[in-house]
Amino acid sequence: MEKCKPRLLKGFRDVFTQEYLARRWMIETISKVYERYGFIPIETPSVEYVDVLGKYLPECDKAQEGIFSFRDSDQSLVALRYDLTAPLARVVAQYKEIPRPLRRYQLGIVWRNEKPGLGRFREFYQLDMDIVGIASMQADSEVCCIICDSMESLNILPGEYLVKVNNRKILNGILEKAGIPPVAEDGSFTDRALITLRAIDKLDRMGMKGVIELLGKGRRDESGDFTQGADLSPSQIQALESYLSIKGDRKTVCNDLWELVKGSSMGEEGVKELQEMDQFFTFAGYPQEKICFDPTIVRGLSYYTGPVFETVLTIPYKDEKGNERDFGSVFSGGRYDGLVARFLGEKVPATGASIGLDRLLEAIKCYGKLKTPKATTQVLITTMDKTLSQEYHKMAFALRKAGINTEVYLGKGPLPKQLKYADYWDIPIAILLGGDEFQNNQVTIKDLRKGRILSQEIQDREEWRKGQPAQITISRDNLLGCVQEMLQQKN
RNA sequence: GCAGCCGUAGCUCAGAUUGGCCUAGAGCGCCUGACUGUGGAUCAGGAGGUCAUGGGUUCGACCCCCAUCGGCUGUACCA
């Protein structure tokens, strides 16, 4: 018979205990921050109709590339959700009785059928928060503050992260002023505007030189691959270069931007919105070490209509080959006033952001900051003498009653194997009860972590074995107290 | 999608100058034992690979050629 090979689809992973626990902690911690701002949780299904997700291509009766789609039993085209925002728009349109503003948060897995990379998977968790029904910049500002609070709740400090804010209206204004019509008659971006915006978005990765090449004729990368450029005139490129060179504190950026967009009503509106946000951040106590204005931020091209935000990790990371690596944006979003209009006709203003939990987790792992244990078990009761089986279980139930995570070793192996098992899972305490102890109504408790440390200094086997490091034999009546004390020493 | 590099035990890798000495090795890990009821260390044994797959060149291929699949990196796209 042909054997089945155990294997995974690319971009899909098994998540083991250590990462699972870290992710669970992140979810709980961030949810609390969201709730502190008055957000309530909602859950929607993982599968939706493709047109509901806004990814239907009627011409060819197919879903857009990059999403996992399939046919339901009635032949309708359905797909795994690729974000949590489109389902939110559906909910808002479907349950009109829900009062606005609606502040909801949602945890969910999303799927993207694209090439995976560092911190990029085809299946990953997002934790979204959105405010629906409010056009005011107060909403967008709050979203940015929540991003900061969330990052800091995860012990990522100001200076280790940075929220970068821009406004799509400013980008459109700049394009307009540079003589590149941003939108065509049907409201979609012109080709030249698309290529230009994509080029701008790459500044952080390619630097100004690469972006200028992309704004002009095009660029050849190090593997020899050529990317077609926007084919702008030197004066247009010059105008964009001075836009992209704007730096400084929030007020300076706003002032410089104003000079560049002056005359474009769209651009002026965008700068005014930024100024409003700056005021909010300032009185709320969010300095530019946390939230800055960055004209190079573009974000996705399809639905953002106003402020856009991206959060980057500023701690440098080098991979094992010594190459500088960038995790990209870990917490991003923006205003999307047009999303619900697809369903209702009327425009419903909305803004929000989404944290990519798995990418952030991957980053934390790479930084060596993952501190969760390999297992949640606190005590392993070894089983030396099978005739004492009942005693082992009795002890286990007593410990569990006191809230201690306890496992009775149910396998067959000899004691060394059982202790190795505890070592493998990082279990802090092992309990030994053999004939000797049983006779004297005693029990032996081993502090495995302490023993692990001690063993590094011991060379001689006799010393190791006879010394029986980090273990005590006590009366069985004191078992619970001793275990509790030993566990407390850990934390 | 496009381009470059790569593909040898569970993991990390070695396998020299133009193909023969490879009936393919090491370290780590794993299993058994020395150590009477104790993790580490040490020692002795052991399991585990059709050298990604298929074809070709050759007297002879892990090594050369072609194709396919898979991986990494860059690039494109990215809600």
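Structure shown above.
Residues numbered from 1 in each chain as written. Chains lettered and ligands numbered in written order. Predicted model: local features only at pLDDT ≥ 70, side-chain atom pairs only at ≥ 80, totals over all residues. Heavy atoms only, no water.

(A) Seen up close, the overall build of chain A. What chain A contains, in helices and strands, is 18 helices and 22 strands. Dimensions of chain A, computed from C-alpha atoms along their principal axes, come out at roughly 95 × 55 × 55 Å. Evaluated residue by residue, chain A yields a buried proportion of 47% over its 491 residues. Long-range pairs, those at least 24 residues apart, make up 69% of the contacts in chain A between residues at least 6 apart in sequence. Total accessible area on chain A is roughly 25,700 Å²; 50% of this is exposed by carbon and sulfur atoms. (Helix = DSSP H or I, 4+ residues; strand = E, 2+ residues; numbered from the N terminus. Buried < 20%, exposed > 50% of the residue type's maximum accessible area, 1.4 Å probe, protein only. Contact = heavy atoms within 4.5 Å. Areas by Shrake-Rupley, 256 points an atom, 1.4 Å probe, with all protein chains shown as cover.)

(B) Highlighting the side chain of Glu 391. Tracing the backbone shows Glu 391 in helix H13 (residues 389-401). Note on Glu 391: relative accessible area 13%, which makes it buried.

(C) A look at the packing of helix H5 (residues 168-177) against helix H9 (residues 250-261). Relative to each other, H5 and H9 sit at 40 degrees, their axes nearing to 9 Å. By the angle class used here, H5 and H9 are oblique. Judged by residue contacts, Ile 170, Ile 174 and Lys 177 of H5 engage Leu 257, Leu 260 and Val 261 from H9. Each residue belonging to the contact of H5 with H9 can be placed in one class, and the counts come to 5 nonpolar, no polar and 1 charged. (Axes fitted to C-alpha atoms, helices over the stretch in contact; angles between N-to-C directions. Parallel < 35°, antiparallel > 145°, perpendicular 65-115°, else oblique. Nonpolar A, V, L, I, M, F, W, Y, C, P; charged D, E, K, R; others polar.)

(D) Examining the sheet that holds strand S2 (residues 47-49) more closely. Spatial ordering of the open sheet is given by S2-S6-S5, a layout of 3 strands whose pairing is antiparallel. At either margin of the open sheet sits one strand with a lone partner, and together these are S2 and strand S5 (69-71). On average, adjacent strands in this sheet sit at an angle of 35 degrees to one another, irrespective of strand direction. Bridging between S5 and strand S6 (residues 77-80) involves 3 bridges; their strand directions are antiparallel. By the bridge assignment, Arg 71 is partnered in S6 with Leu 77. (Pairing = 2+ DSSP bridges.)

(E) Structural context of the protein's contact with RNA strand B. Near RNA strand B, the surroundings consist of 50 residues, among which Arg 120, Asp 436, Lys 446, Ile 458 and Arg 465 are the closest. Near-protein atoms of RNA strand B (within 4 Å) split between backbone and bases, with sugar and phosphate holding 45%. Between a phosphate oxygen of RNA strand B and a side-chain N or O atom of Lys 202, the distance comes to 2.8 Å. Asp 436 places a side-chain nitrogen or oxygen 2.6 Å from a base oxygen of RNA strand B. (Near = heavy atom within 4 Å. Polar contact = N/O pair within 3.5 Å; in protein donor to acceptor, adjacent residues only side chain to side chain.)

(F) The sheet that holds strand S22 (residues 471-475), seen in detail. Read across the open sheet, the 5 strands follow the order S19-S18-S20-S21-S22; overall the sheet is mixed. The open sheet is flanked by strand S19 (406-408) and S22, the only strands paired with a single partner. Along the sheet, successive strands turn relative to each other by an average axial angle of 25 degrees, direction set aside. Note: strand S18 (residues 379-381) against strand S20 (residues 429-432), 3 bridges, orientation parallel.

(G) Spotlight on the packing of aromatic side chains. Under the counting rule described, the total for this entry stands at 8 aromatic pairs. When the ring of Tyr 34 is compared with that of Phe 39, the centres are 6.3 Å apart and the planes differ by 50 degrees; the resulting orientation is tilted. Taken individually, Tyr 34 and Phe 39 each receive the classification buried, so the pair is uniform in this respect. Cluster of aromatic residues (ring-pair linked, three or more members): Tyr 34, Phe 39 and Tyr 105. (Phe/Tyr/Trp six-rings, centres within 6.5 Å; stacked < 30°, edge-to-face > 60°.)

(H) Structural view of the packing of H5 against helix H10 (residues 265-284). In the contact formed by H5 and H10, the axes pass within 7 Å of each other and the chain directions differ by 150 degrees. On the basis of their axis angle, the class for H5 and H10 is roughly antiparallel. The crossing of H5 and H10 is left-handed. Contacts between H5 and H10 involve Lys 169, Ile 170, Asn 172 and Gly 173 from the first element and Met 266, Gly 267, Glu 269, Gly 270, Val 271, Glu 273 and Leu 274 from the second. Split into classes, the residues belonging to the contact of H5 with H10 amount to 4 nonpolar, 4 polar and 3 charged. (Left-handed = near helix turned anticlockwise from the far one by under 90°.)

Everything listed is a geometric property; what it means functionally is a separate question.
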